[in-house]
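# Coordinate inspection notes
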Amino acid sequence: MIRRRAFLATLAAMAAAPRASWADGAEPGLQLGDAKPFGAGDVVDMAREMAARDYAPRPLIPEAWRDLTYDQYRKIWFDSRNALWEGSDAPQRIDLFPPGLYFPQAIRTYVVEGDTARPLLFDMSVFDTTDKFPDVPIDDTLGYSGLRLRAELRQPGIYEEYAVFQGASYFRGIGTGDIYGLSARGLALKTGDPMGEEFPDFTHFWLERPAAGAATIVLHALLDSPSCTGAYRFEITPGQPLRMEVQAEIFARETLTHVGIAPLTSMFLFDDMDRQRFDDFRPAVHDNDGLMIHNGAGEVIWRPLANPVTLQISAFGDNNPRGFGLMQRARDFGDFNDLEALYHRRPGLWVTPGEGWGRGSVALVEIPADLEIYDNIVAYWRPYADIEAGSSHKMTYRLDWGEDPAPKAAMPLRVLNTAAGGRPEGGRIFTIDFENADHVPDDLTRIDRLVRSTAGDVTEGVIQRNPDTGGPRLAFTFMPGDNDWAEFRAQLRLDGGPLSEVWLYRWTRT
């Protein structure tokens, strides 16, 4: 599990902290090194050449930086008056993050203008601190640990952040009006494997200066890891939703047998299905509440997320998927009753392949968690074929971050909520609430219901109208018998075709 709740709080604290400049006088602005020729193909060439050599870890920053406590790291932050392109006609502003704590290695960052790139030189004077920040050594191993992107999203002259790239190959985005929640990664390797996961790093960034008035910014990234290298190009357009067009090529140092393409990482602690395990004033705690898949056969699948008592790994086999993502369908404050975390404003993230991805599966990893500081949900596309050592793998896809970023055209009724509980006479009752729509018949007896289980017995279910949502509710009873787990599949159908998403769920005896 990735502990990043404290990290997100750190970002917010640094953004809101009082200013006490490290250096007296005017803010210096970011300093640039000498210009060198640069083209987009250079990142691909670098990745290819690095993959032909043995992996060489980057140098560590000084120990005093690495040993900073969480509280100490919060006492240094970037002064936004030193932002890249501050005071210019560029439509974006870029902030840099300090090294240290969770970020023990520098990321080399460059600014691209025309056909040249200039490095951003590490400079302590672009940061502010409090008097509680310790004295730390400065040497040539230091560099920035990541970057934050800001633009005029809602008001002229006010540059609001919309994306952050920091930590391994992690990055986060938000649609306008959302707050940070789930993360994406450049690549996942060996997720859930007994021998442990491998975490590739973005080691270099190149930012193309956008033209005045441009809505989009281009970021190039170089990825490195013991097993592979990679060249990435992100074309990022803020808004609701925030959109990232991604092009990538992976070069394998060794045969890659377990690769995660477009990996998403999130947190799910509890909701109506398992809140009895948590003594909490809130009715639910999660960044996202379900995995949605639009598979190559045209089915739309909804799999509610779970916080299991033991590790759960699910694979949804497919051929040329149309898309998948982690969604947050609970959008009302009352769904969470949390004035600080504001889970109802966390974004969903939808992945749309840019070309046929072929055979493989959407993988879902659900890790037991007892606190909301842990990321315990991972979803990604796992290709069926290995990537052989010495070969490369190209891929393109789009990431949409927002309140409801999945495509809407011709989509069936969405699942709004799932609940379950015991029955006095034995067994468990499951209820699935679907949204309302104009094509839902007034006479609900016209709707056919499909309810299946891999173990135990299920009733055919009943359909009633939910007066709160206006949509249909499907309720069925499950008798597990001696079985310790079962996989459910349910769907509403009308006139021989799908009326609703396919609802999938894994029940386990606790």
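Counting restarts for each chain: residues are numbered from 1 in the order of the written sequence. In view of the model being predicted, local features appear only for residues whose pLDDT reaches at least 70, and side-chain atom pairs are presented and counted only at 80 or more, with totals across whole chains, interfaces and linings using the full set of residues. By convention in this description, side-chain values take in all heavy atoms of the structure and omit both hydrogens and water.

### Points about the side chain of S225
- We count a stretch as a helix when DSSP gives it H or I for four or more residues in a row; a strand needs E for two or more, and each element gets its number in order from the N terminus. Considering the arrangement of structural elements, one finds S225 in the loop between β15 (217-224) and β16 (228-237).
- Three labels apply to residues, based on accessible area from a 1.4 Å probe with only protein chains included: buried if under 20% of the type maximum, exposed if over 50%, partly exposed otherwise in between. Using a relative accessible area of 1% as the deciding quantity, one classes S225 as buried.
- Residues adjacent in sequence count toward polar contacts only when both atoms are side-chain atoms; beyond that, a polar contact is any pair of N or O atoms within 3.5 Å, and within protein one must be able to donate a hydrogen and the other to accept it. In terms of polar contacts, S225 uses its side chain to reach the side chain of E198, at 2.3 Å.
- Not counting residues up to four positions away in its chain, the partners in contact with S225 are Y55, L189, E198, F199, P200 and R253. Whether two residues are in contact is decided by their heavy atoms: any pair within 4.5 Å suffices.

### Structural notes on the pattern of salt bridges
- Here a salt bridge means any side-chain nitrogen of Lys or Arg lying within 4 Å of a carboxyl oxygen belonging to Asp or Glu. In this structure the tally under the stated criterion is 32 salt bridges.
- Two residues, E161 and R148, come together in a salt bridge whose shortest N-O distance is 3.7 Å. One end of the pair, E161, is in strand β10 (residues 159-166); the other, R148, is in strand β9 (residues 146-152), with 13 residues separating them in the sequence.
- Across the salt bridge formed by R414 and D404, the nearest N and O atoms sit 3.3 Å from each other. Within this pair, whereas R414 is found in the loop between β29 (392-402) and β30 (415-422), its partner D404 is found in the loop between β29 and β30, the two being separated by 10 residues in sequence.
- Its relative accessible area of 24% is what places R414 among the partly exposed residues.
- Each of D95, R148, R150 and E161 takes part in salt bridges that share partners, so that together they form one network.

### Notes on unusual backbone geometry
- Look at the link from Q240 to P241: it is a cis peptide, with omega at 10°.
- Inspection of the secondary structure puts P241 in the loop between β16 and β17 (242-252).
- Unusually for a residue other than glycine, W85 sits at a positive phi of about 70°.
- Structurally, W85 can be placed in the loop between β4 (76-78) and β5 (92-97).
- Using a relative accessible area of 7% as the deciding quantity, one classes W85 as buried.
- A positive phi angle, close to 60°, is found at K190, a residue other than glycine.
- The residue K190 is located in the loop between β13 (188-189) and β14 (201-208) in this model.
- Judged by relative accessible area, which is 30%, K190 ranks as partly exposed.

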